[in-house]
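Structural characterization, general
The primary structure of each chain is shown beneath.
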Amino acid sequence: MIKSRSSWTHRTLMLLLMIYLLLPLLATFLYGFAKEWQTTVLPESWTLEWIREMFKDIRFLEALWTSLYLCLISIALSLAVMLPAVFVITVYLPKWETFMKGLVVLPYAVPGVVAAVGLIRTYSSGPINIAGTAYILIGAYFVVVLPYMYQGIRNSLLTVSAVELLNAAELLGASRMRAFVTIILPNIWPGVIISTLLSFSVLFGEFVLTNMLVGGHIQTIQVYLYQRVGESGHLASAIAISYFLFILVMSTILMKLGKKMNREVER
Amino acid sequence: MKARNRWMLLGLVPFALMVLAFQFAPLLSMLTGSISKSGASGFTFAHYDKIFHSAYYLKAIKNSLLIAVYSSLIGIIVGLLCAYSITRFTPRIRDRLLMLSNMTSNFAGVPLAFAYIILLGNNGVFTLLFKQWGWDIFSGFNLYSWTGLVLVYVYFQVPLALLLLYPSFYGIRDQWREAAALLGASRWQFWRTVGLPMLTPAIFGTLGILFANAMGAYATAYALVGGNYNLLAIRIGSLVAGDVVNQPELGSALAVLLALSTLLAVVLNHKMSKRSQQFTASYASNPNLKRSRSRGRRQGDAVQEGVNP
């Protein structure tokens, strides 16, 4: 199947693809460090001014902080809710998995704009009036990361054969609760960390829901970036770059962890 | 389940509450909103009627459909070629390439629109360069127009198509190719009569996801053209979050239409992925081929990677 040397056609095709995919990234990167860049292929002179300005910008730091804590709260909530739920469903109610599978593809069928319309209608009046607050956003984020959390936790439960582990623990006299906390949780932890990181990078890049639900009140890094695009291109570049570097670090960690887990499973 | 374990069901309560409150209640509210009278109680189809008789909203729907179809078709063709190419590399290089494309599929929405503005916007690097070099072919190009939007949409469709398609190429076994060659089939004949038919379910399934992805894409278009370009997602956004006057009921009706189109696409994907699993099941169950195991997992991952433009 695999040839030791790939043919020239394939190499050229991949090279073109990579150029195509990386060019916008590269341009943003260069623009973030460019002092003057007009009518030349590469910038004429370089500067670190934009990066410096970015860190001096109090609104940027605030937006970063807002993004961080909103993501962290949402993910903590999601973990607290999903861990027991997925555990119960996978171990005791396998019949429900069809329903869960439907729930997992819902985000594809219901794009962010549509979800935002419903959320605004439900929560802008009536008994629970939380429109424009962080609560509605955290709820929306919960739904956004639900597929990643479900898949991640479920896959880890299946990989460590949770049912057999539980039966063994029960045979040895442990209560179910104790078995869950002392045996299942430590075993699925690596998988849970992966879905947590994945969810985190997804939420960090969330714009639609954030802008439509709380755009005027709460500024996350994406909303801030959107507002900055019109003002100073170079500064926005610097922000986009730091955002992207963050995502890069995340996905590298994700891949390393994933590989490590695969190796452990295969052993 | 044993009676003494019944209390374990309590673990489902917070989950059910959250899903009801933030997934189903909003959907229901959107559905009822789309058929309720503005500012009064009662039931009406006036909003749908208005949409289907308004040239403006019909244009938005048409624009969205066209852009979704074009970007998905281009995305699938490029994705298909690249997916085939990527399976011809050694696993090490293949994984690197996949990681790079996975990484760029995260690069969507506002940062992506911004990067394209730097490259091809009114004062973009390439725009100015081409002007200086006197390349007139590109002078008609406008990033903030239909062609520009398609270009940017294709950018986030290609990596997604690639990630979703490449596992199915491992379902085409080398033995078949050898057998076909022995029987005198040319490469083209092999692909036309064996290869492509095998891939068809995967191709249509991926098309469904790409279409839904493009129909629902909001951030990229919003950051690129603001409210100026008439797209369904953008219209919904401005009707509900209100740049001008809030018309949540009309917005709901448009949102229902958008959700219908994406739902259909996802159903198509579901049907097709079932069929494609039947095709590849025999191959995946062969324990001698270790790669097939990780293939299954990877396919799951690709779907899981998700779309959030």
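Quantities reported herein were computed from a predicted structural model and do not represent experimental measurements. (Residues numbered from 1 in each chain as written. Chains lettered and ligands numbered in written order. Predicted model: local features only at pLDDT ≥ 70, side-chain atom pairs only at ≥ 80, totals over all residues.)

**Some words on the overall build of chain A**
For clarity, the cut-off: For the purposes of this entry, the term helix denotes a DSSP run of H or I that reaches at least four residues, the term strand denotes a run of E that reaches at least two, and both are numbered from the N terminus. Buried residues are those with 20 or more other C-beta atoms within 10 Å of their own C-beta, exposed residues have 12 or fewer, and partly exposed residues lie in between; C-beta atoms are placed from the backbone. A residue pair is marked as a contact if its C-beta atoms, positioned from the backbone, fall within 7 Å.
On a plain count of helices and strands, chain A comes out with eleven helices and two strands. Taking the principal axes of the C-alpha coordinates as reference, chain A spans close to 75 × 65 × 35 Å. With 267 residues in all, chain A has 44% of them scored as buried. Here the contacts in chain A between residues at least 6 apart in sequence split such that 73% fall between residues at least 24 apart.

**Here we look at the overall build of chain B**
Tallying secondary structure elements over chain B gives 13 helices and zero strands in all. The secondary structure elements of chain B, listed N-terminal to C-terminal, are α-α-α-α-α-α-α-α-α-α-α-α-α. Relative to its full complement of 309 residues, chain B shows a buried share of 46%. Expressed as a percentage of contacts within chain B between residues at least 6 apart in sequence, the contacts between residues at least 24 apart total 75%.

**Digging into the interface of chain B and chain A**
The cut-off we apply is this: Under the grouping applied here, Gly and all other residues not named as nonpolar or charged are polar, the nonpolar ones being Ala, Val, Leu, Ile, Met, Phe, Trp, Tyr, Cys and Pro and the charged ones Asp, Glu, Lys and Arg.
Of the residues lining the interface, 76 residues belong to chain B; the matching set on chain A comes to 74 residues. Here the element with the most residues in the side of chain B that touches chain A is helix α1 (residues 13–34) of chain B; it accounts for 13 residues. By residue class, the composition of the side of chain B that touches chain A is 52 nonpolar, 22 polar and two charged.

**Observations concerning the nonpolar core**
It is characteristic of soluble globular proteins that their nonpolar side chains tend to be buried jointly. Note the threshold: Only buried residues count toward a nonpolar core: Ala, Val, Leu, Ile, Met, Phe, Trp, Tyr and Cys, linked into one set through C-beta atoms within 7 Å. The source of the domain bounds is an automatic or database domain assignment.
If you look at the biggest cluster of nonpolar residues, it comprises 169 residues, and the most contacted ones within it are Ala116 and Ala140 of chain A together with Leu254 and Leu258 of chain B. Looking at which domains feed residues into this core, each of domain 1 (1–47) and domain 2 (58–266) of chain A supplies at least three. In contact with Ala116 of chain A, other than residues within four places in its own chain, are Val208, Leu209, Met212 and Leu213 of chain A together with Val240 of chain B.

**A look at the packing of helix α3 (residues 58–92) of chain A against helix α6 (residues 134–159) of chain A**
Residue and element names in this part refer to chain A. Short version of the rule: For helices, the fitted axis covers only the stretch in contact; all axes are lines through C-alpha atoms, and the angles between them, taken along N-to-C directions, range from 0 to 180 degrees. Orientation labels follow simple angle bins: below 35 degrees gives roughly parallel, above 145 gives roughly antiparallel, 65 to 115 gives roughly perpendicular, and whatever is left gives oblique. What makes a crossing left-handed is the near helix being turned counterclockwise from the far one by less than a right angle; a clockwise turn instead makes it right-handed.
Close contact between α3 and α6 brings their axes to 7 Å; oriented N to C, the two are set at 45°. One element, α3, and the other, α6, form an angle in the oblique class. Where α3 crosses over α6, the handedness of that crossing is right-handed. Where α3 abuts α6, its residues Leu70, Ile73, Ser74, Ile75, Leu77, Ser78, Met82, Leu83, Val86, Phe87 and Thr90 lie against Ala134, Leu137, Ile138, Tyr141, Phe142, Val145, Met149, Tyr150, Ile153, Arg154 and Leu157.

**Quick look at helix α5 (residues 112–123) of chain A**
Residues that lie three or four places apart on an α-helix share one face, since the helix turns once every 3.6 residues. Residue and element names in this part refer to chain A. Our working rule: Multiplying 1.5 Å by the helix residue count minus one yields the expected span of that helix.
Under the 1.5 Å per step criterion, the end-to-end length of α5 is 16 Å for twelve residues, consistent within 8% with the ideal 16 Å. Summarising burial for α5: twelve of the twelve residues are buried, a large majority. Along α5, the positions that sit buried rather than exposed are Gly112, Val113, Val114, Ala115, Ala116, Val117, Gly118, Leu119, Ile120, Arg121, Thr122 and Tyr123.

**Quick word on helix α5 (residues 110–120) of chain B**
Within α5 of chain B, ten of the eleven residues are buried, which leaves the element mostly enclosed by the surrounding structure. Listed as buried for α5 of chain B are Val110, Pro111, Leu112, Ala113, Phe114, Ala115, Tyr116, Ile117, Ile118 and Leu120 of chain B.

**Structural notes on the environment of Phe211 of chain B**
Residue and element names in this part refer to chain B. Secondary-structure assignment places Phe211 in helix α9 (residues 187–216). For the pair Phe211 and Gly75, spaced 136 residues apart in the sequence, the C-alpha separation amounts to 10.0 Å. In this structure Phe211 touches Ala68, Ser72 and Ala265, once residues within four positions along its chain are discounted.

**Concerning the domain arrangement of chain A**
Residues and elements named next belong to chain A. Once the domains are mapped, chain A shows domain 1 (1–47) and domain 2 (58–266). Taken together, the contact pairs six residues of domain 1 with seven residues of domain 2. Split by residue class, the side of domain 1 that touches domain 2 holds four nonpolar, two polar and no charged.

**Focus: the confidence of the model for chain B**
All names here are of chain B. Counted only if it meets this: Per residue, pLDDT captures the predictor's confidence, and it can take any value from 0 to 100.
Across chain B, the average pLDDT comes to 80, with 85% of residues at 70 or higher. Within chain B, helix α13 (residues 290–305) has the poorest average pLDDT of any element, 39, and helix α3 (residues 55–86) the best, 92. Note on residues 284–309: pLDDT is under 50 here. Beyond four places in sequence and across chains, it has 36 contacts. Of the two predicted TM-score estimates for the complex, the pTM is 0.83 and the ipTM is 0.83.

**Brief notes about the packing of α6 of chain A against helix α8 (residues 176–204) of chain A**
When two helices pack together, their arrangement is captured by the angle between the axes and the distance separating the axes. Residues and elements named next belong to chain A. Where α6 meets α8, the axes come as close as 9 Å, and the angle between the chain directions of the two elements is 160°. The angle between α6 and α8 places the two elements in the roughly antiparallel class. Where α6 crosses over α8, the handedness of that crossing is right-handed. Side by side, α6 and α8 meet where Tyr141, Val144, Val145, Tyr148, Met149, Gly152, Ile153, Asn155, Ser156 and Leu157 of the first sit next to Ile188, Gly191, Val192, Ile194, Ser195, Leu198, Ser199, Val202 and Leu203 of the second. Among the residues making up the contact of α6 with α8, the classes are represented as 13 nonpolar, six polar and no charged.

**Re unusual backbone geometry**
All names here are of chain A. Of note, the phi angle at Ser161 is positive, near 50°, even though the residue is not glycine. With respect to the helices, strands and loops of the structure, Ser161 is situated in the loop between α6 and α7 (162–171). Ser161 sits in the exposed class, given 12 other C-beta atoms within 10 Å.

**Observations regarding the environment of Thr206 of chain B**
Residues and elements named next belong to chain B. By secondary structure assignment, the location of Thr206 is in helix α9. C-alpha separation for the pair Thr206 and Ser54, spaced 152 residues apart in sequence, amounts to 33 Å. Residues contacting Thr206, with those up to four places away along its chain left out, are Ile76, Ala161, Leu164 and Leu165.

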